[in-house]
Amino acid sequence: MWLSPSIARVEILAGLVVALALIPEAISFSIVAHVDPRVGLFASFTMAVTISIVGGRPAMISAATGAVALVVAPLVKVHGLQFLLAAIILGGAVQIAFGLLGVARLMRFVPRSVMVGFVNALAILIFLAQLPNLRSVPWAVYPIVVVALVVIVGLPRFITAVPAPLIAVVALTAFTILAHVSVPTVHDKGELPRSLPSLGVPHVPYDWHTFKIIAPYSLGVALVGLMEALMTARLVDEMTDTHSSKAREACGQGIANIVTGFFGALGGCAVIGQTMINVKAGARTRLSTFLAGTFLLVLVVVLGDVVGRIPMAALTGVMIMVCVGAFDWHSIQPSTLRRMPFSETAVMLVTVIVVVITGNLAIGVIVGVIISSVLFARRVAHLVEVNGVLDPDGATARYTVLGQLFFASSTDLIQQFDYNHDPDVVVIDMSQAHVWDASSVAALDAITTKYAERGKRVEIIGLNEPSADIHGRLAGQLNVGS
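Calculation rules
Residues numbered from 1 in each chain as written. Predicted model: local features only at pLDDT ≥ 70, side-chain atom pairs only at ≥ 80, totals over all residues. Heavy atoms only, no water. Axes fitted to C-alpha atoms, helices over the stretch in contact; angles between N-to-C directions. Helix = DSSP H or I, 4+ residues; strand = E, 2+ residues; numbered from the N terminus. Parallel < 35°, antiparallel > 145°, perpendicular 65-115°, else oblique. Left-handed = near helix turned anticlockwise from the far one by under 90°. Contact = heavy atoms within 4.5 Å. Nonpolar A, V, L, I, M, F, W, Y, C, P; charged D, E, K, R; others polar. Buried < 20%, exposed > 50% of the residue type's maximum accessible area, 1.4 Å probe, protein only. Polar contact = N/O pair within 3.5 Å; in protein donor to acceptor, adjacent residues only side chain to side chain. Core = buried A, V, L, I, M, F, W, Y, C linked by side-chain atoms within 4.5 Å.

Asks: Could you clarify how one ought to interpret the packing of helix α5 (residues 112-130) against helix α13 (residues 312-326) in this entry?
Replies: Two quantities define a packed helix pair, namely the angle between the helix axes and the distance between the axes. At a closest axis distance of 8 Å, the pairing of α5 and α13 adopts a crossing angle of 160 degrees. Judged by the inter-axis angle, α5 sits roughly antiparallel to α13. Once α5 is placed against α13, the crossing between them reads as left-handed. Where α5 approaches α13, its residues Val-119, Ala-123, Ile-126, Phe-127 and Gln-130 are matched on the opposing element by Thr-316, Met-319, Ile-320, Cys-323 and Ala-326. Its residues placed into classes, the contact of α5 with α13 shows eight nonpolar, two polar and no charged.

Asks: Would you mind going over the side chain of Ser-440 with me for this structure?
Replies: Tracing the chain through its elements places Ser-440 in helix α18 (residues 438-452). The exposure class assigned to Ser-440 is buried, which follows from its relative accessible area of 1%. Separated by 2.9 Å, the side chains of Ser-440 and Asp-437 make a polar contact. For Ser-440, the residues in contact, after removing those within four places along its chain, are Leu-405, Phe-406, Ser-410 and Val-435.

Asks: Help me understand the environment of Phe-118 in this model?
Replies: Its location among the elements puts Phe-118 in helix α5. Distance in space between the C-alpha atoms of Phe-118 and Met-227 is 9.5 Å, their sequence separation being 109 residues. Not counting the four nearest positions on each side in its chain, Phe-118 is found in contact with Val-224, Met-227, Glu-228, Met-231, Thr-351, Leu-361 and Val-365.

Asks: Where do I start with the nonpolar core in this structure?
Replies: Considering soluble globular proteins, one finds that nonpolar side chains tend to be buried as a cluster. Core analysis: the largest hydrophobic core is formed by 47 residues, its most contacted members being Val-72, Leu-84, Phe-118, Ile-126, Val-224, Leu-266 and Leu-361. The element that contributes the greatest number of residues to this core is α5, accounting for nine residues. In this structure, Val-386, Val-426, Ile-428 and Ile-447 belong to the second largest nonpolar core, which totals 21 residues.

Right under this line is the structure:
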């Protein structure tokens, strides 16, 4: 059905527009990663074509991305291209392992505040990566950047059929050529491809020392790539009212990165901007993704000389607008900050600060998740409530426990009983509580032990089935003292 003429026409046109939109960003991301433009362009080709076959979300675009470029840039700067390729291949293998282990499902545990921090930090890092293109350059660079920004912001009000960044790049390239304006160009950054990419193996020592060098970057590529891919897939699911396989997408991203690494390219993940262009153009199938990669390769191989004359100032303008579009401005509006819990804002800010300081998106996300988890545990720990009453005859104390019992709340639980003044029989009603872990069982054991030391008997009632199971297996086995 999706190959009917009407659907095929939509998919082909969408694929062509996406291919044109990918070119300037692929070149810019190559420069961010300190590699030749062809390395990023080949990555966009191999990622798009491969993911169109093995990915889990039809119509989603994967290509070279700023997130991956930022992760691997320090590796390339110190060890060179071949170590980059090895890191991309290993990162792809890690993504496949994550997909098979069901790690994609864990993405729902990444808090929104961390997601917002991730996106904002990505925008800041991409912006900072543009600053070298604005230092110690001819004066003509600055008006070209300004014109690019004006075109990209203003043109969509009048023309929507062709991406404004593409029009800006084409127009400014034509102007600099015809007016003989001397400014840095793409050719100054490296040679563009003149042939199809070739298959090969990274030329690195295959030993433990190499593994130690590339492993941190591979893990960063895997984590950052999966986060962007799964966030983008979720967004497309909502826009199209369809469901996609997140586990298959995780494995597909890994396969695409392995293929990309063996073809000597940068690696990548899902790209939100081009995916939105594709979906809003009406694309819904894998054909548009496949054609986006294919058209891209044809354009850069056939028109390589023209692409090489693109002024870097125009691409800098494109990337600045990518930063502006990626940054979540709503998250820092005063009205949002007033309504948002302080802990949420703090987690977002810490995520951004850690990423900007370390230059590593994965580290920032991990730190953000850890801090968010600690703050959540701290809040939940104080939600346990214990209410105690004496029977009319005064012979029995009855306590009702309400809330979730886990490692962070167990200490509070122990402190809420009157061990010295309670009568000889104590009943603890757990019907409105849930026991989650060994720490909670140890807390109940400690309560029982404290009463036993005073010659008093404790009866625990009302445990639900999962709580009764863990309590039955661990009670009295944890060597709890008073």
